[in-house]
Amino acid sequence: MITYLRRAVKYFIWFAFILCITLAVMVALDVVESDPQEMFRNGTRSIWQIAVLFAILSAVYPMSGFAKKEAIIPGELPEIRDKLIKLMESKEYVLESEGGQTMTFRLRTGFRRAMKLYEDRLTFFHEPGGFVIEGLRKDVIRIISFLEFKFKDNNEDEYSKS
């Protein structure tokens, strides 16, 4: 619940920041007046309406933007650990922490992390038959597709040699 609330507040601030930058550019280019009474249809009352809209979007986004999905990756964790780390490094993720059957990866570069509002963590929970991966929905789906493809290729090569 705390993580969800932290994410909602973070996205509210991000939406407000983007609006402020957009309005500042529009004022600088003389596209709109700098007075809020002239800038918005309902004057300063519009600011509160926009804030409520951003609050609603910020409350809903963490529900749809983050996911837990299963990845079918055969093998025990000690057997596939090194290959998994190497594949994640090829996607610019580094191992942040590891404990028991859980591994956590973060993006390597600060710029990419900042562009994702530091919500770049992918957590891998090892289970029989693969992993459950948790993180930003689009990153989870992209990484699962990549890993399943890479581990599938490796397994087919082993079976074709037999």
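Parameters and conventions
Residues numbered from 1 in each chain as written. Predicted model: local features only at pLDDT ≥ 70, side-chain atom pairs only at ≥ 80, totals over all residues. Heavy atoms only, no water. Core = buried A, V, L, I, M, F, W, Y, C linked by side-chain atoms within 4.5 Å. Buried < 20%, exposed > 50% of the residue type's maximum accessible area, 1.4 Å probe, protein only. Helix = DSSP H or I, 4+ residues; strand = E, 2+ residues; numbered from the N terminus. Contact = heavy atoms within 4.5 Å. Salt bridge = Lys/Arg side-chain N within 4 Å of Asp/Glu carboxyl O. Expected span 1.5 Å × (residues − 1). Axes fitted to C-alpha atoms, helices over the stretch in contact; angles between N-to-C directions. Parallel < 35°, antiparallel > 145°, perpendicular 65-115°, else oblique. Left-handed = near helix turned anticlockwise from the far one by under 90°. Nonpolar A, V, L, I, M, F, W, Y, C, P; charged D, E, K, R; others polar.

(A) Region of interest: the nonpolar core. Residues M88, F124, I133 and L147 are the most contacted members of the largest nonpolar core, which totals 22 residues. Residue assignment for this core shows that the elements contributing at least two residues are helix 4 (77–90), strand 3 (102–107), strand 4 (122–127), strand 5 (130–136) and helix 6 (137–161). Filtering out sequence-adjacent residues up to four positions away, F124 remains in contact with L84, M88, Q101, T102, M103, F105, F131, V132, I133, I143 and L147.

(B) Seen up close, unusual backbone geometry. With a phi angle near 70 degrees, E92 is a residue other than glycine that sits in the positive phi range. Mapped onto the fold, E92 is located in the loop between helix 4 and strand 2 (93–99). Overall, the relative accessible area of 32% leaves E92 in the partly exposed class. In this structure, L117 takes a positive phi of about 55 degrees despite not being glycine. Tracing the backbone through its elements, the reader meets L117 in the loop between helix 5 (110–115) and strand 4.

(C) A look at the pattern of salt bridges. Going through the model one piece at a time under the given rule, you end up with twelve salt bridges. Linking E119 and R6 is a salt bridge whose minimum nitrogen-to-oxygen distance equals 2.9 Å. Of this pair, E119 sits in the loop between helix 5 and strand 4 while R6 is found in helix 1 (residues 2–28), placing the two residues 113 residues apart along the sequence. Take E119: its relative accessible area is 5%, and that puts it in the buried class. Of the residues examined, R6 reaches a relative accessible area of 40% and is grouped as partly exposed. Counted as one network, the salt bridges with shared partners bring together E96, R106, R113, D120 and R121.

(D) Structural view of the side chain of D139. On the secondary structure map, D139 appears in helix 6. You can call D139 buried: its relative accessible area is 2%. Those residues in contact with D139 that lie beyond four places of it in its chain are Y93, K116 and L122.

(E) View of the environment of G100. With respect to the helices and strands, G100 occurs in the loop between strand 2 and strand 3. In this structure, the C-alpha to C-alpha distance between G100 and S64, residues 36 residues apart in sequence, is 29 Å.

(F) How the structure looks around helix 3 (residues 45–65). If you check helix 3, its first and last C-alpha atoms are 30 Å apart, about what 21 residues at 1.5 Å a residue would give, namely 30 Å. Among all positions in helix 3, only S46, F54, S58, P62 and G65 are buried.

(G) Expanded view of the packing of helix 1 against helix 3. Running from N to C, helix 1 and helix 3 point in directions that differ by 135 degrees, and their axes come no closer than 8 Å. Taken together, the axes of helix 1 and helix 3 lie oblique to each other. Where helix 1 crosses over helix 3, the handedness of that crossing is right-handed. Taken together, the residues of helix 3 that come into contact with helix 1 (itself represented by Y4, R7, A8, Y11, F12, F15, A16 and L19) are I50, A51, F54, A55, L57, S58, A59, V60, Y61, P62 and M63. In the contact of helix 1 with helix 3, the residues fall into 17 nonpolar, one polar and one charged.

Geometric descriptors of this kind do not, in isolation, establish any biological role.
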